Amino acid sequence: MPADLHESAVVADAHNDLLMAVVARPPARWASFFRERWLPQLRAGGVDLQVLPVFIDGQFRPEGALRETLRMIECAHVIAEGNPQDVRLCLDGAQIDAALAEGRIALVLALESMPGLDADIELLATVHRLGVRVASMAHWGRTPLADGSGEDATASRLTAAGVQAVAEMERLGILLDISHLGATGVEHVLELASRPVIATHSSARALRDHHRNLTDDQIRGVAATGGVVCVNFLPGFLSADPSGYTLARLAEHIEHVASVAGIDHVGLGPDFIHEVYADLTPPCCEDPAANAGFDVMATLPGLAGPSGLPLLTGELLARGLPEPDIRKILGGNLHRLLAAHLTVKKP
């Protein structure tokens, strides 16, 4: 029964940093490396829709950030062009729906923070032309647009450029991602937003008091915009105690978000980074650990990567969740949001 449900459901992952691992290979290997290393995992996990964040590691910031951003965007296009039977890089809702109907994995490009753009808001139109459809304004620290959650003590709202960025993203149809944004910045975004916003990979602060997680008020705020909170699978965001690094604890976070936001506003943002960090050399695999306050290489049993996603379906069924609700959680909600929001056209 879990396998049947998982196979028939739309499974959508709002955050997988696999581009970091692929782009580290020679460009001639990008398409084949994805096909050999990542496509089998996505297929095994039943993933139908994959958001691909462009994250710029510290070694490229600030001078090389824009160049690396463009390399990663190009890498996503090469992956799609080199694997046309299996994936499609989607620019709008119609293309997402077509990819799913054809049995291809719909890929959606995202920017995780924007170090290559900084305060040059006009470049949002450039990356939009290149296929970016989701973007956040900060990571752990301070940017020209906003402060990340690691700077919560500053109680900073968005900068003037950040306010302009919100308006420009809404104009272009780029979905605004609040994951990693500082608490006061989240409040500011929710005041400004006239279109849905998303949290691509954030868990519930009521269950794990970490600055990267969202409070119940923030969760309700995202839902009020029509957006979706996609729960992060990283064990350190689920529990302060390693004994809580369990599939059951992940399900508790999902259930909590659903109880606060409503079942139509919860999804999955696994943040499968174990293989990515293991695959790369420092400083990538050392930097995040210094900021997180826990072992970022820890994984939930069976959920080190996308191939384990059917385990979550089984857990949710075992907990008595109705099948229609499980379908929404697995990807129905994220699919609905992206399919509707990405039909927005540039004025």
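Draft legend 1. Examining unusual backbone geometry more closely. Here the phi dihedral of Ser 113 falls at roughly 65°; this positive angle occurs in a residue that is not glycine. Note that Ser 113 resides in the loop between strand 4 (105-111) and helix 6 (123-129). Ser 113 gets classed as buried once you look at its relative accessible area, which sits at 8%. Within the chain, His 180 stands out as a residue other than glycine whose phi angle is a positive 85°. Residue position: His 180 is located in the loop between strand 6 (175-177) and helix 8 (183-192).

Draft legend 2. Fine view of the environment of Thr 200. Mapped onto the fold, Thr 200 is located in the loop between strand 7 (197-199) and helix 9 (216-224). Its relative accessible area of 2% is what places Thr 200 among the buried residues. Dropping the residues within four chain positions of it, Thr 200 is found in contact with Ala 14, His 15, Val 134, Asp 177, Ser 179, Cys 230 and Gly 269. A distance of 2.7 Å separates the side chain of Thr 200 from the side chain of Asp 177, its partner in a polar contact. Among the polar contacts listed, one links the side chain of Thr 200 to the side chain of His 201, at a separation of 2.7 Å.

About the thresholds
- Residues numbered from 1 in each chain as written.
- Predicted model: local features only at pLDDT ≥ 70, side-chain atom pairs only at ≥ 80, totals over all residues.
- Heavy atoms only, no water.
- Helix = DSSP H or I, 4+ residues; strand = E, 2+ residues; numbered from the N terminus.
- Buried < 20%, exposed > 50% of the residue type's maximum accessible area, 1.4 Å probe, protein only.
- Contact = heavy atoms within 4.5 Å.
- Polar contact = N/O pair within 3.5 Å; in protein donor to acceptor, adjacent residues only side chain to side chain.

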